[in-house]
Amino acid sequence: MKSNVPARIDMSGPMPRHVAVIMDGNGRWARRQGLPRKTGHEAGMNAVRTTIEASVDAGIKILTLFAFSTDNWNRPSEEVSALMSLLKAYAERECSELVEKGVEVRVLGTLARMQPSAREAVERIMRETEGGTTLRLNLMISYSGREDILTAVRRLAARARAGELDPAEIDEACLERALLTSGIPDPDLLIRTSGECRISNFMLWQISYSEIHITPVLWPDFSRDDLFAAVLDYQRRDRRFGRITSA
């Protein structure tokens, strides 16, 4: 069977197990074409499907998409409602295909703030895709990296106050278990679209050693080749984690 993965990716070389993406540029994409922002978000949903399919073909095991930050709640109510409606529609439309592809979906964030219909839709897609082994898809919705860390610290402090935890025993592993991403390996590769050079409060603890790839491509235009180019960039890096390369 012919592989869908371009030859320029070295399938025998280092492959990122976990890829995280800050999806940015929907609004600018729409504005450049004289279209409403909602249309940009709709086009961005197509890029989500493309990226999932390309990740499966490349052998990536975990894909994390920053879909909606806690800061996004400050956007106009009409846009927030449109985003929630799109999320609901995506969950309903894509569920069966994700199950078929073996994609397990997990939604991480403050889901209590979501509109009930959207929350019910994402809870359903999590239930129905549970057990998929081809790809773990994390959708970060109503998520904040700082809030994630702060909430984890509060949990540990409460356990210490209750006498369940010795503060001297709190280490990195202990904190990681209290984060929303507990049990998920840190991203090897972080991709940011639209050319912006900032993290935007995303997975602040988890990306400490992630390789960062910034592309000028706006999210709705993000293609298979763009994902593969990011993987190729990753493969060319020398990941030393503070060490030096032996002579």
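Here the structure is shown first, and the text comes after it.
Residues numbered from 1 in each chain as written. Predicted model: local features only at pLDDT ≥ 70, side-chain atom pairs only at ≥ 80, totals over all residues. Heavy atoms only, no water.

Chemist: For the pairing of strand β2 (residues 62-69), give the residues involved together with the corresponding values.
Modeler: Regular strands place side chains that alternate from one sheet face to the opposite one. By the criterion of burial, β2 is predominantly enclosed, with 7 of the 8 residues buried. Note that strand β1 (residues 18-22) and β2 share 5 bridges and pair parallel. Bridged to valine 19 within β2 is leucine 63. Across 7 bridges, the pairing between β2 and strand β4 (residues 135-143) is parallel. Its bridge partner being in β4, phenylalanine 68 is matched across the sheet by isoleucine 141. (Buried < 20%, exposed > 50% of the residue type's maximum accessible area, 1.4 Å probe, protein only. Helix = DSSP H or I, 4+ residues; strand = E, 2+ residues; numbered from the N terminus. Pairing = 2+ DSSP bridges.)

Chemist: I'd like to hear about the side chain of serine 55, residue by residue, with values.
Modeler: Relative to the helices and strands, serine 55 is located in helix α2 (residues 37-58). Each residue touching serine 55, except ones within four places of it in the same chain, is listed here: Ile60, Leu63, Leu135 and Leu227. (Contact = heavy atoms within 4.5 Å.)

Chemist: How would you sum up the pattern of salt bridges? Please name residues and give values.
Modeler: Enumeration according to the criterion identifies 18 salt bridges in this entry. Notably, a salt bridge pairs aspartate 57 with arginine 224, separated by 2.8 Å at the nearest N-O pair. Here arginine 224 lies in helix α7 (residues 224-235) and aspartate 57 lies in helix α2, a separation of 167 residues in the sequence. Among the residues examined, aspartate 57 registers a relative accessible area of 26% and is labelled partly exposed. The residue glutamate 164 makes a salt bridge to arginine 159 at a minimum N-O spacing of 4.0 Å. With a relative accessible area of 56%, glutamate 164 lands in the exposed category. (Salt bridge = Lys/Arg side-chain N within 4 Å of Asp/Glu carboxyl O.)

These figures come from the coordinates and say nothing about function on their own.
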